[in-house]
Structure formats: C-alpha cells, structure tokens
Amino acid sequence: MAEWEELVRRFGYNPWRVRLLIGLGTALDNLKLAGCRAAYIDGSFVTSKEYPNDFDGCWDEVDVDPLALDPVLLDFGNDRVGQKAKYYGELLPASVVEAASGLSFLEFFQTTASGEPKGIVAIDLEGWE
C-alpha cells in the first residue's frame, strides 16, 4: 500500500495534479475519520497523463460509520457531480457493483476495458495522519 507522501511525490508534479491531490486528501481525511481503513485510486490520475480530468477510486466500507461520513461521499446521483465539485474526483464504496460490468468497483478498477487485469494504487488509511 502507498503512503500519502509517495502518492504526492509520484503524481503531484504540476499545479493541476496538486489541486486534485488536495481534493483527494480532503476526502481521504473524512473517510479516515469515519473509520475507513483503505482507499484505492484508479483512472488517468495514476498514469503519466499530464492533465487528468479527475481521480477515480473506491473505499473499503468495513467498519465505516456512515453517519460520520460527509454525505456527499454517499451521494451517487447525478453522475456524482457533488463529489466532483467538492473533491475534484469521485470515490465509491468498494463492494458496490458497477452496473455495466457486474463487478464490484474494487474489481472493476482492477480490470481493463478488454477484461485484462491491471494495477491500482492502494492507500493505507490506518496509518493516515
């Protein structure tokens, strides 16, 4: 699992990416406070694309208190516009099924469009400070 400093060093190499990292960090702070132990980041943000549109990811729901979560992290309507506006990306519960593929989001993010396995970035929130 990646540490936050490693994520910033590897993917925060221009002002736009730093902005996305600020939003991601704020969302991860809230998830941690609600009891989340791990999050997984995918999408063009974790590639070499210089200006990704946003970040995509999911979070482990085990032991998460939904009442302690920012309600925007539980609002999946309207193409998650609330998450994108507040955090500059979107994070979904890992076990929720992505409709088109039938896979959980954790599985979906680890699979290419052609069905091949691929890597994602796992973030350990248990040691998050």
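Residues numbered from 1 in each chain as written. Predicted model: local features only at pLDDT ≥ 70, side-chain atom pairs only at ≥ 80, totals over all residues. Heavy atoms only, no water.

Asks: Lay out the sheet that holds strand β2 (residues 55-59) with the relevant residues and their values.
Replies: Spatial strand order, β3-β2-β1-β4: four strands in an open sheet with mixed pairing. In this open sheet, the two strands that pair with only one neighbour each are β3 (89-93) and β4 (121-124). For this sheet, the mean inter-axis angle between neighbouring strands, taken without regard to orientation, is 25°. Along the sheet, helix α2 (residues 15-33) makes contact with β1 (38-42), β2, β3 and β4, crossing β2 at roughly 10°. (Pairing = 2+ DSSP bridges. Helix = DSSP H or I, 4+ residues; strand = E, 2+ residues; numbered from the N terminus. Axes fitted to C-alpha atoms, helices over the stretch in contact; angles between N-to-C directions. Contact = heavy atoms within 4.5 Å.)

Asks: I'd like to hear about unusual backbone geometry, residue by residue, with values.
Replies: Its identity is not glycine, yet D63 carries a phi of approximately 70°, on the positive side. As for its position among the elements, D63 is in the loop between β2 and α3 (81-87). Judged by its relative accessible area of 55%, D63 falls in the exposed class. (Buried < 20%, exposed > 50% of the residue type's maximum accessible area, 1.4 Å probe, protein only.)

Asks: Residues and numbers for the packing of aromatic side chains, please.
Replies: Evaluated as defined, the whole model comprises four aromatic pairs. An aromatic cluster of three or more residues is present, and its members are F105, F108 and F109. Directly above the aromatic system of F45 lies the positively charged group of R17, at a separation of 5.0 Å from the ring centroid. Geometry around Y88 places R19 over its ring, the cationic atom sitting 3.9 Å from the centre. (Phe/Tyr/Trp six-rings, centres within 6.5 Å; stacked < 30°, edge-to-face > 60°. Lys NZ or Arg CZ within 6 Å of the ring centre and 35° of its normal.)

Asks: A description of the pairing of β3 should follow, citing residues and the corresponding values.
Replies: Of all five residues in β3, five are buried, a share of seventy percent or more. As paired elements, β2 and β3 share five bridges and run parallel to each other. Within β3, the position partnered with W59 by the bridge is P93.

Asks: Mind laying out the packing of helix α1 (residues 4-11) against α2, listing which residues take part and the relevant values?
Replies: Two elements in contact, α1 and α2, have axes separated by 10 Å at closest approach and are oriented at 160°. Here α2 runs roughly antiparallel to α1, going by the angle between their axes. Judged by the twist between their axes, the crossing of α1 over α2 is right-handed. Side by side, α1 and α2 meet where W4, L7, V8 and F11 of the first sit next to R17, L21, L24, G25 and L28 of the second. When its residues are assigned to classes, the contact of α1 with α2 shows seven nonpolar, one polar and one charged. (Parallel < 35°, antiparallel > 145°, perpendicular 65-115°, else oblique. Left-handed = near helix turned anticlockwise from the far one by under 90°. Nonpolar A, V, L, I, M, F, W, Y, C, P; charged D, E, K, R; others polar.)

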